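# Examining the three-dimensional arrangement
Chain by chain, the residues run as shown.
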Amino acid sequence: MTFEEIEAGLKARLEALPPAARAELLHVLMLPDFERADRIGEFWGNPKTRTFAELLIDCEEDRTLRAVLVDMLREADRPR
C-alpha cells in the first residue's frame, strides 16, 4: 500500500465524520499532553464515544498519524 492510498483512505474516513466530530478531533489532537490524556479518558469512559477514544489512542501511539491527521483536518477547514 502506498502513502497516497493510505492518505486517501484517511481523508475518506475524516470526511465521513460529522463536522462537529472533526472539529473535536482537531481540538483534542492539539491539546497539551496531559489535557489530551484526560480528554481521551473521558471519551473512553463513555461507551458511546469509545470508538472515538480508540482513534485518539492510535494517534498517541503513532505520532506520525497524529501529525498527518492534524494537517488534514486543518486543510479541510481552510477556505477554498
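Everything here concerns the structure above.
All of the points below concern the structure found in this document. Just so it is clear, the structure is predicted and the values come from calculations on it, not from any experiment. Think of each chain on its own: its residues are numbered from 1, step by step along the sequence as written. Selection of residues for local features in this predicted model requires a pLDDT of at least 70, selection of side-chain atom pairs for listing and counting requires 80 or more, and totals for whole chains, interfaces and linings are taken over all residues. With hydrogens and water stripped out, all remaining heavy atoms of the structure feed into the side-chain values.

## Concerning the overall build of the protein
Strands are runs of DSSP state E lasting at least two residues, helices are runs of H or I lasting at least four, and both sets are numbered from the N terminus onward. Helix and strand counts for the protein come out as five helices and zero strands. If you list the helices and strands of the protein from N to C, you get α-α-α-α-α. This radius of gyration counts C-alpha atoms alone. The globule rule is 2.2 Å times how many residues there are, raised to the power 0.38. Radius of gyration (C-alpha) of the protein: 13 Å, near the 12 Å computed for a compact globule of 80 residues. Taken along its principal axes, the extent of the C-alpha atoms in the protein is 35 × 30 × 25 Å. Each residue is assigned to one of three classes by its accessible area relative to the maximum for its type, calculated with a 1.4 Å probe on protein chains only: buried under 20%, partly exposed between the two thresholds, exposed over 50%. Residue burial in the protein is summarised as follows: out of 80 residues, 24% are buried. Relative to all contacts within the protein whose residues are 6 or more apart in sequence, the contacts with residues 24 or more apart total 52%. Approximately 5,800 Å² of the protein is accessible, and the part contributed by carbon and sulfur atoms is 56%. His is not counted, nor are the chain ends; Lys and Arg add positive charge and Asp and Glu add negative charge. Where a charge sits is defined by one atom per residue type, namely NZ (Lys), CZ (Arg), CG (Asp) or CD (Glu). The protein carries 12 positive and 17 negative side-chain charges, and their two centres are separated by 4 Å. By the convention used here, residues are in contact when the closest approach between their heavy atoms is within 4.5 Å. Accessible surface area values rest on a Shrake-Rupley calculation with a 1.4 Å probe, where residue burial reflects the displayed protein chains alone.

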